[in-house]
Structures are given as C-alpha cells and as structure tokens.
2 protein chains.
Amino acid sequence: MSELYLEDFAVGQTFGSGSLRVDAEQIKSFAAQFDPQPFHLDEASAAHTFFGGLAASGWHTAALTMRLLVGSEFRPAGGLIGAGVEEMNWPRAVRPGDTLHLKIEIVGVRASKSRPNQGLIKVKTTTLNQNDEPVQLFTGNLLVIARPAAAPGA
Amino acid sequence: MSELYLEDFAVGQTFGSGSLRVDAEQIKSFAAQFDPQPFHLDEASAAHTFFGGLAASGWHTAALTMRLLVGSEFRPAGGLIGAGVEEMNWPRAVRPGDTLHLKIEIVGVRASKSRPNQGLIKVKTTTLNQNDEPVQLFTGNLLVIARPAAAPGA
C-alpha cells in the first residue's frame, strides 16, 4: 500500500484497521507497569470497584489503538507523528477477551503557513469492540509532509 | 497519606510526584508492542526521521505519566478514573536517559447534578524532564467520589 502525502488527504475519507484481541494477562501486565490500580490488576479486587470487574487501563486502550493505527490502511508518508490530542474519552471499559478494531476518519486538512513542506490533518479514531460498541473516541492532529517536488530537470 | 474526596479538592491545589528514568531498551520495548515506527524502534533508523534520533512514543510518555500519577501525592478516594481528556500534546520528545516527574494542578471542581455522591475534577498534569522542560501537557477530567455520609446513629 502506498504512503499518503498531505495532498492525498481530504475531509470525509475513512480507513479501516485489522483487529487485536486483549486478554486478562495483557491487561494486568500493562497495569503492573503503568497503571497499578486494583481495577486493572486483579479480578477479585476489581469486583468491588467502580468498574465491577477487571478493566483495561484507558492508556492501554490508547496504546492498543496506536498499534492498530500503525498497522492500518491509514499510512501517512513519514509516519504517524502526533501533534496533539483534541479529545479523548472512554465511553466503555475494555474487558478481558475483547477484540478491538478501528474506524478512522479524516475530519480536517490544512497546510502549514510557516512550513510549505508540511501540514496537519485532524483524524477522528473510534476504537470499537467485537459488538461494535465504542471503547475509545479520539480526535487528534497529525503532522504530515507534502509530496516532494520533482527534482529539477527530472 | 490519606485519600481525598470531592470536598477536599479546590482549584489551585498542586501536587508533586516521584521520578522515573526511561532508557533506550524501555523505549524500544514499548514501541515494539504498541507503536512500531522507525523513530521509536532503532537509533540508526531514527536518525533519518523527523525526530533525528530515538524518541519515546507519545503513548509511552502518557503511560509513564500515569505511572507517576498513581504513585504521587495526588490520591483521590476510589482511584484515578479518567472521564476524558481535554487537551494533550507533546512539546518535546522523551529521549533515552531522560528522567521524568510531574507537576499536578487542580484547575476545576464540580459536583455531579445527577449523582450526588460523585463529581468531576479537572486536572492539569505537566510532565517534565530532568531539565524541567515539558515533554507532555495533559488536561483531563477525573471522576471522584464525595465523602460518605456518617452512618445513621453513628
């Protein structure tokens, strides 16, 4: 699949992704490293919390979303370089055994005023579970490069 | 250190954190799992990219920030439960050998209209490197619980 330059993007384009399954061990392992709270670490402790059972850290969901983005049909030239997040929330917890996939939509495209060889695209990424229920809504801006000019005389 | 309830929070409060050092192996290991792009995986490949050298994934920086938050002086009763991100960006890359710490500030407190036993606090978390340069700015809302009423007759 070819890489996409700033000129190739337009509002309304959508891209799909593959899928990833997450199990209890992965949820606990991520939590032990980065978010060691009872509702992410242990089924028995989690039962008595807000989540009512083991749930993935929202940052684990975000990291899994990035993994799906990197392997997706959405391939900006130069890579996925985040300029910032405009919105991110987790309408539903990711649970052991869930299988996640993405819906990726371009919602903004603009050239840089100061740097003619780059621009920003605004991307809305919805992370869905196996029942097509959203587990993360994420809108962010990515830095993308413009198509290089043909070499002089080429 | 005691846990904090909704009533204990006020705009302007600040909290500190411990620190965490991140090395090249951790940067590559996180990237291999969640963000396998050249600038996060390998020094030689990274040299020729936007980053000009190995840089941590922004999601790794976010996860390390969460690790520091969980171990910090900022301890809402019931845990750190994210209701959503309002702003997040990475003004500077995290590099191998960097040591990170947080500045945590309460910028909003409001009770829930529909659920009298809970509320939302808005927290601005700045992740700084060893030179006190910001590597991540993050403003998010957290769900916090109100102090339980004394038991009748207690």
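Cut-offs and rules
- Residues numbered from 1 in each chain as written.
- Chains lettered and ligands numbered in written order.
- Predicted model: local features only at pLDDT ≥ 70, side-chain atom pairs only at ≥ 80, totals over all residues.
- Heavy atoms only, no water.
- Helix = DSSP H or I, 4+ residues; strand = E, 2+ residues; numbered from the N terminus.
- Contact = heavy atoms within 4.5 Å.
- Least-squares fit on C-alpha atoms with pLDDT ≥ 70 in both.
- Buried area = accessible area lost by both parts, 1.4 Å probe.
- Polar contact = N/O pair within 3.5 Å; in protein donor to acceptor, adjacent residues only side chain to side chain.
- Buried < 20%, exposed > 50% of the residue type's maximum accessible area, 1.4 Å probe, protein only.
- Arc of directions from axis to C-beta.
- Pairing = 2+ DSSP bridges.
- Axes fitted to C-alpha atoms, helices over the stretch in contact; angles between N-to-C directions.
- Core = buried A, V, L, I, M, F, W, Y, C linked by side-chain atoms within 4.5 Å.
- Phe/Tyr/Trp six-rings, centres within 6.5 Å; stacked < 30°, edge-to-face > 60°.

Lay out the side chain of B:Thr126 in plain terms, naming residues and giving numbers.
Tracing the backbone shows B:Thr126 in strand β4 (residues 118-128). The residues touching B:Thr126, leaving out its near neighbours within four places in the chain, are B:His101, B:Leu102, B:Lys103, B:Pro134, B:Gln136 and B:Leu137.

Residues and numbers for the relation of the copies chain A and chain B, please.
With an RMSD of 0.0 Å, the fit of chain A onto chain B corresponds to turning through 180° and sliding 0.0 Å along the axis. When the rotation and shift are considered jointly, the pair of chain copies conforms to a two-fold rotation axis. Taken together, the interface assignments show that 100% of the residues at the interface of chain A recur at the interface of chain B, consistent with an identical surface on both copies.

I'd like to hear about the interface of chain A and chain B, residue by residue, with values.
Each partner contributes residues to the interface: chain A has 33 residues there, and chain B has 33 residues. The three residues of chain A that bury the most area against chain B are A:Phe34, A:Trp59 and A:Val85, which together make up 25% of that side's buried surface. Our count for the contact surface shared by chain A and chain B stands at six residue pairs in polar contact (both at pLDDT 80 or more). Listing elements by their share of the side of chain A that touches chain B, those giving two or more residues are α1 (24-34), α4 (58-70), β2 (81-89) and β5 (134-145) of chain A. The biggest single contributor to the side of chain A that touches chain B is β2(A), with nine residues.

Break down helix α1 (residues 24-34) of chain B for me, with residues and values.
All buried positions along α1(B) are accounted for by B:Ala24, B:Ile27, B:Lys28, B:Phe30, B:Ala31 and B:Phe34. Down the axis, α1(B) shows its buried residues gathered within 165° of arc, on one side only. Contacts from the buried residues of α1(B) go to α1 and α4 of chain A together with α2 (38-41), α3 (43-46) and α4 (58-70) of chain B. Where α1(B) begins, one side-chain oxygen reaches toward the backbone nitrogen of B:Glu25, 3.2 Å away; that side chain belongs to B:Asp23.

Which residues make up the sheet that holds strand β3 (residues 99-111) of chain A, and what values go with them?
Pairing is antiparallel across the open sheet formed by 10 strands, whose spatial order is β1(A)-β3(A)-β4(A)-β5(A)-β2(A)-β2(B)-β5(B)-β4(B)-β3(B)-β1(B). At either margin of the open sheet sits one strand with a lone partner, and together these are β1 (14-21) of chain A together with β1 (14-21) of chain B. Sheet twist, expressed as the average angle between the axes of neighbouring strands with direction ignored, equals 25°. Summarising the sheet, strand β3 (residues 99-111) of chain B and β4(B) pair through 10 bridges and their orientation is antiparallel. Bridge assignment links B:Arg110 to a residue of β4(B), and that residue is B:Leu120.

Pulling in residues and values, what's your account of the nonpolar core?
Most often, soluble globular proteins have nonpolar side chains that are buried together. Counting 69 residues, the largest nonpolar core has A:Trp59, A:Phe74, A:Met88, B:Trp59 and B:Phe74 as the members making the most contacts within it. Other than its neighbours up to four places away in sequence, A:Phe74 contacts A:Phe9, A:Phe15, A:Leu69, A:Leu80, A:Ile104, A:Ile106, A:Ile121, A:Val123 and A:Leu142. Judged by nonpolar contacts, the second largest core, of eight residues, contains A:Phe39, A:Ala55, A:Ala93 and B:Leu120.

Can you break down the packing of aromatic side chains residue by residue, with the values?
All told, the structure shown has 16 aromatic pairs over all chains when counted by the stated rule. Consider the rings of A:Phe9 and A:Phe74, whose centres lie 5.8 Å apart with planes at 65°: the pair is edge-to-face. In this pair, A:Phe9 sits in the segment before β1 while A:Phe74 sits in the loop between α4 and β2, placing the two residues 65 residues apart along the sequence. Like A:Phe74, A:Phe9 is buried. Taken together through their ring pairs, the aromatic side chains of A:Phe30, A:Phe34, B:Phe30 and B:Phe34 make up a single cluster.

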